[in-house]
Amino acid sequence: MSELQPIHAAPTSFIKKHIFSTDHKVIAKQFLWAGLLFLALGGFLAMLIRWQWAFPGEAVPFVGQGMFPSSDGSITPSGYTKLFTNHGLIMIFFAITPLLIGFFGNLLIPLQIGARDMAFPRLNMASFWVFVLSQLLVLASLVVPLGAAAAGWTTYPPLSTNIATPGLGQTLMVMALFVVGISTIMGAINYIVTIIGFRAPGMGYFKMPLSIWGLWLASILNLLFVPVLGSAGLLLLFDRLFDTQFFIAGASGNGDPILFQHLFWLFGHPEVYILILPAWGVIADFLSFFSRKPSYFYKGSVWALVTISILSALVYGHHMFVAGMSPMLGKSFMLLTLAISIPAELLFLNWLHTIWKGSIRLTVPMLFSLGFVFVFALGGLTGIHLGTISTDLYLHDTMFVVGHFHFTLAAATFLAVFAGIYFWFPKMFGRHMNQRLGKIHFWTSFIGINGVFTGQLIVGYAGQHRRLYDPYEYTFIKHLQPLNEWTTYFAFFLGVSSLVFVVNFFWNVFRRGHDENIDNPWEVGTLEWTVPSPPHHHNFDTIPTVFHGPHEYSNPEVKKALGKDWLAQTEKFSFSKQDDS
Amino acid sequence: MTSLTNTVSPVQAMMIRSSSAMIGMVAFIASWAMLFGGLFFAFGLLRLGSEAWPPVNVINLPIALPAINTGILLSSSVLLMVAMHYLRKGNERATVHALLIATILGIMFVVTQAWLWNEMSGLGLNLSDSHYGGLFYMFTVIHVIHVVVGIGGLLALTINAYRGRYTQESHLPVRLWSMYWHFVGVVWIPMFVLLFLS
Ligand code: HEM
Ligand SMILES: [Cu+2]
């Protein structure tokens, strides 16, 4: 007999343990730090953008003199363009992606399926260091001559070609996107194979936590669609570096700028689901855990996730309704887009059903999860206005779109990331976070988020276009200045409230000692809570055997026999009536 | 593949490990195919948007040399299958020879490609005058980068086979690199058709 997943001795040198580690738990923490750092950077840029919309042309307090010396501290038009470009790119690719995929994926996949590590631990380590390289490219792009990237996060040509952004910064940013794509694909291969091959005995696909389902589907989409962005990036780099004209039309070429939009959104729409799928999974699990009820219609949720993943590859055209698309094609894309709401609705109703009449425990992760449900509903509903051609003709490229995708992509993923951090913090660090500070962080963020993004929806509906340097140059939106100013105050409030988290997080990561009741403080049954906190280097002393699904709560038989309202996935228990969930 | 118990027979352990590696390779190839899928999509749109193909006043690409080169790449793939065949039979010497020839054919492909670039740029076909030239260089350069990586792999296989590292039962790297190398050949075919024949 031989061991399939042999136990290796834990490394002892500092470098092997904390820097070039192949341990998925360490890599997860590395992605967490790298992601949080860039989240702060992206958030800082957001504050500057908000300042500009509230007080266009006025000098920025504190940092203005240093950042915009040529204009005496006020944001210049070209500086403004760089701000929103880098805000978007940094948040999506270098903050949310590493947090949702790199951090959650690495932490959860082996622990929740009962494996000792990833299928390819060295590839896993490489994926993190390639990611660091991409972040360094981003940082370099911010400081090179002729300035940082400035073509918007969508990087549309001709803006992103040498004609409009001749600087090295734009080139470096496109390279950074290519490199972060390589890192993502390395991770995706690892996650997919690990989930297929390394599930513990008894861990059938329909016994996996929904978190794992979300991560798995997101990885498949990553694997297939990130390379499409790669192809667009390569063509763009050829245009920028070797003077081809694939995307340059008009006097200087006969290329096709719309081609880029096709490739970008062919990737870009799946990408938005790549980011929301892990969040959906994690939140769906939390709703069940803290309602002390089985996840309602678990299999239905799984099939909804699968259906949405497939459909997400077929709807990208809804970003291009006004790009000169044939009406026939436009209507097909509209139909497919609206068809997504059916499985999405099922998923949503399952969440509501799960919490309905549950014994809800309003823990910090649960508060964040409920907040997620709320903001995601708003995001999804506004999506329908954009997916319908007749309304999108008016709303396209307004702040309404910005509000829509901030509710779905920013607000929802932000809340999911923090729900996860609060939930798994004890598992990762062996200490509790302060729950009162956590609740303050939740309520302040929740108020801030809703204030900011509702403000965006309203001004967009009133006709304010996105990406305007000084919106009030247009008389028809001049009266929106006070509303925008209020929105900015909400944004600053949100920014300041993050400090509550920073204090709570740093203090508890670095303070000494090991807390009580740390192995399974939430009383849940998934596999990571059957091992000590933090887990041993090899996770499981013996590979566990799984008997139940991840959501066995409040079963009266269990309560009667064991006196508790939950059952670990590894606890053998014969129900009198065969359950087949 | 079923989920695993920790203690399994050595043969089972090897099978699970190798099937993980193979799934990983299939996933990698799928990803890579999508990269080329995006590029082919671009080719299609740019080609449809061009009035004449090849455009007037642009040097046309030859057919004969690329056709021969296609033959070279495909025979390299065939030689790799031959190597696999001998490996399964346990004929180590023949395996090493077949691998060596496959590697040399791979190198010949790159040399011929470089020669073609040199020739065409000498005749005045460049990246920036037309999509015809731009697409030719773009596709062939990206493809050759993958070929060069593959040659590195084949070289390592040849050396390891020479040292007797692979046996009838255990030769996972040969199988993985074979998948890689066959795919390099497979994506070349539509490229050859689109760039040189259409
Ligand atoms: C109910 C489902 C949804 C529908 C029907 C929908 C529909 C749309 C449409 C039609 C647009 C294009 C609007 C325009 O540019 O005129 C759009 C933009 C966008 N959506 Fe959604 N969406 C949905 C859910 C989501 C989700 C779940 C996410 C992310 C997690 C998301 C992220 C985005 C982003 C990032 C953009 C815009 C990017 C940009 O132009 O800069 N959407 N959505
Ligand atoms: Cu979309």
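What counts and what doesn't
Residues numbered from 1 in each chain as written. Chains lettered and ligands numbered in written order. Predicted model: local features only at pLDDT ≥ 70, side-chain atom pairs only at ≥ 80, totals over all residues. Heavy atoms only, no water. Helix = DSSP H or I, 4+ residues; strand = E, 2+ residues; numbered from the N terminus. Rg over C-alpha atoms; globule rule 2.2 N^0.38 Å. Buried < 20%, exposed > 50% of the residue type's maximum accessible area, 1.4 Å probe, protein only. Contact = heavy atoms within 4.5 Å. Areas by Shrake-Rupley, 256 points an atom, 1.4 Å probe, with all protein chains shown as cover. Lys, Arg positive; Asp, Glu negative; His and termini not counted. Charge placed at Lys NZ, Arg CZ, Asp CG, Glu CD. 1 Å grid on protein atoms, 1.4 Å probe; cavity = no way out; pocket = protein on both sides within 12 Å on 5 of 7 lines; lining within 4 Å. Points joined across faces, edges and corners; volume = space filled by probe spheres on them. Expected span 1.5 Å × (residues − 1). Near = heavy atom within 4 Å. Polar contact = N/O pair within 3.5 Å; in protein donor to acceptor, adjacent residues only side chain to side chain. Salt bridge = Lys/Arg side-chain N within 4 Å of Asp/Glu carboxyl O. Core = buried A, V, L, I, M, F, W, Y, C linked by side-chain atoms within 4.5 Å. Buried area = accessible area lost by both parts, 1.4 Å probe. Donors = N, O, S within 2.8 Å, 3.2 Å for Na, K, Ca; no water. pLDDT = per-residue confidence, 0-100. Axes fitted to C-alpha atoms, helices over the stretch in contact; angles between N-to-C directions. Parallel < 35°, antiparallel > 145°, perpendicular 65-115°, else oblique. Left-handed = near helix turned anticlockwise from the far one by under 90°.

1. Examining the overall build of chain A
Within chain A, the secondary structure is distributed over 16 helices and three strands. Taken over C-alpha atoms, the radius of gyration comes to 24 Å for chain A, in line with the 25 Å a tight globule of 581 residues would show. The dimensions of chain A, computed from C-alpha atoms along their principal axes, are 75 × 50 × 50 Å. Out of the 581 residues belonging to chain A, those deemed buried represent 62%. Sequence separation of at least 24 residues holds for 78% of the intrachain contacts in chain A that already meet a minimum separation of 6. A total accessible area of about 21,900 Å² is found for chain A, and carbon and sulfur atoms account for 70% of it. Here chain A carries 31 positive and 28 negative side-chain charges, and the mean point of each set is 7 Å from the other.

2. Looking at empty space enclosed by the protein
Residue and element names in this part refer to chain A. For the structure on display, the rule yields six cavities of 30 Å³ or more. Computed from the structure, the largest cavity encloses a volume of approximately 130 Å³. Around the largest cavity, the lining is made up of 15 residues, and of these F31, I101, G102, S183 and T184 lie nearest the centre. At the level of elements, helix 4 (77-113), helix 5 (121-143), helix 6 (168-197) and helix 7 (210-242) are the ones that each hand at least two residues to the lining of the largest cavity.

3. Focus: helix 15 (residues 481-510) of chain A
Residues and elements named next belong to chain A. Relative to the 44 Å expected for 30 residues at 1.5 Å per residue, helix 15 spans 44 Å between its end C-alpha atoms, a close match to the ideal helical length. Every buried residue of helix 15 is listed here: N484, T487, T488, A491, L494, S497, F501, N504, F505, N508 and V509. The inward-facing, buried residues of helix 15 contact helix 2 (24-54), helix 13 (399-429) and helix 14 (435-461).

4. Brief notes about the site of ligand 1
Residue and element names in this part refer to chain A. Looking at ligand 1, there are 21 residues lining it, with W153, D392, H396, H404 and R466 nearest. In the model, an oxygen atom of ligand 1 is placed 2.9 Å from a nitrogen or oxygen of the W153 side chain. Between ligand 1 and the protein, one listed contact pairs a nitrogen atom with a side-chain N or O atom of H404 at 2.9 Å. Secondary-structure elements contributing two or more residues to the shell around ligand 1 are helix 8 (257-291), helix 11 (364-387) and helix 13.

5. Here we look at the pattern of salt bridges
Residue and element names in this part refer to chain A. Following the criterion strictly, the structure yields seven salt bridges over all chains and no others. Residues R466 and D397 are paired through a salt bridge, measuring 3.7 Å at the closest nitrogen-oxygen approach. One end of the pair, R466, is in the loop between helix 14 and helix 15; the other, D397, is in the loop between helix 12 (389-395) and helix 13, with 69 residues separating them in the sequence. According to the relative accessible area criterion, R466 is buried, its value standing at 16%. The class for D397 is partly exposed, based on a relative accessible area of 31%. Here the salt bridges do not stand alone but share partners, grouping R292, R361, E523 and D565 into one network.

6. Here we look at the nonpolar core
If you look at the biggest cluster of nonpolar residues, it comprises 248 residues, and the most contacted ones within it are F93, F94, W280, W351 and F372 of chain A. Setting aside its immediate chain neighbours within four residues, F94 of chain A contacts A34, G35, F38, L89, F131, S134, Q135, V138, M173, A176, L177 and V180 of chain A.

7. Description of the interface of chain B and chain A
Listed by partner, the interface residues are 35 residues for chain B and 40 residues for chain A. Of the roughly 3,400 Å² buried between chain B and chain A, counting both surfaces, carbon and sulfur atoms make up 72%. Put simply, chain B and chain A have zero salt bridges between them. Across the chain B-chain A interface, the total number found is three residue pairs in polar contact (both at pLDDT 80 or more). Put simply, the parts of the chain that give the side of chain B that touches chain A at least two residues each are strand 1 (7-8), helix 1 (10-48) and helix 4 (131-162) of chain B. A per-element tally of the side of chain B that touches chain A places helix 1 of chain B first, with 20 residues.

8. Some details on the side chain of Q112 of chain A
Inspection of the secondary structure assignment puts Q112 of chain A in helix 4. With near-sequence residues (within four places) excluded, Q112 of chain A lies in contact with M203, P209, S211, I212, W424, T526, L527 and E528 of chain A.

9. Let's talk about the environment of L362 of chain A
All names here are of chain A. Tracing the chain through its elements places L362 in the loop between helix 10 (327-355) and helix 11. On the basis of relative accessibility, which here comes to 47%, the residue L362 falls in the partly exposed class. Measuring from C-alpha to C-alpha, the distance between L362 and F405 comes to 28 Å, with 43 residues separating the pair along the chain. Residues contacting L362, with those up to four places away along its chain left out, are L367, L370 and K439.

10. Some details on the coordination of the iron atom of ligand 1
Residues and elements named next belong to chain A. When only protein atoms are considered, the iron atom of ligand 1 has one donor, H404 (NE2), at a distance of 2.1 Å. If you look at the iron atom of ligand 1 and the copper ion (ligand 2), they sit 4.6 Å from each other. By secondary structure assignment, the location of H404 is in helix 13.

11. Concerning the coordination of the copper ion (ligand 2)
Residues and elements named next belong to chain A. Protein-derived coordination of the copper ion (ligand 2) comes from H269 (ND1), H318 (NE2) and H319 (NE2), at a distance range of 1.8 to 2.1 Å. Mapped onto the sequence, the residues coordinating the copper ion (ligand 2) show the spacing H-x48-H-H. Looking at H318, the relative accessible area reads 13%, which means it is buried.

12. Section: the environment of F128 of chain A
All names here are of chain A. By the secondary structure assignment, F128 is in helix 5. On a C-alpha basis, the gap between F128 and L367 in space is 31 Å, while along the polypeptide they are 239 residues apart. Not counting residues within four places of it along the chain, the set of residues in contact with F128 comprises I27, Q30, F31 and A34.

13. A few points about the confidence of the model for chain B
Confidence in the prediction for chain B averages 92 pLDDT; 96% of positions are at 70 or higher. Quick note on the complex model: pTM equals 0.95, ipTM equals 0.94.

14. What to know about the packing of helix 4 of chain A against helix 8 of chain A
Residue and element names in this part refer to chain A. Interaxial distance between helix 4 and helix 8 falls to 11 Å at its minimum, and their mutual angle equals 45 degrees. In terms of orientation, helix 4 lies oblique with respect to helix 8. In the packing of helix 4 onto helix 8, the handedness of the crossing is left-handed. When helix 4 is examined against helix 8, the residues I92, F93, I96, T97, L100, I101, F104 and L108 are found in contact with a partner set consisting of F267, E271, I274, L275, P278, A279 and V282.

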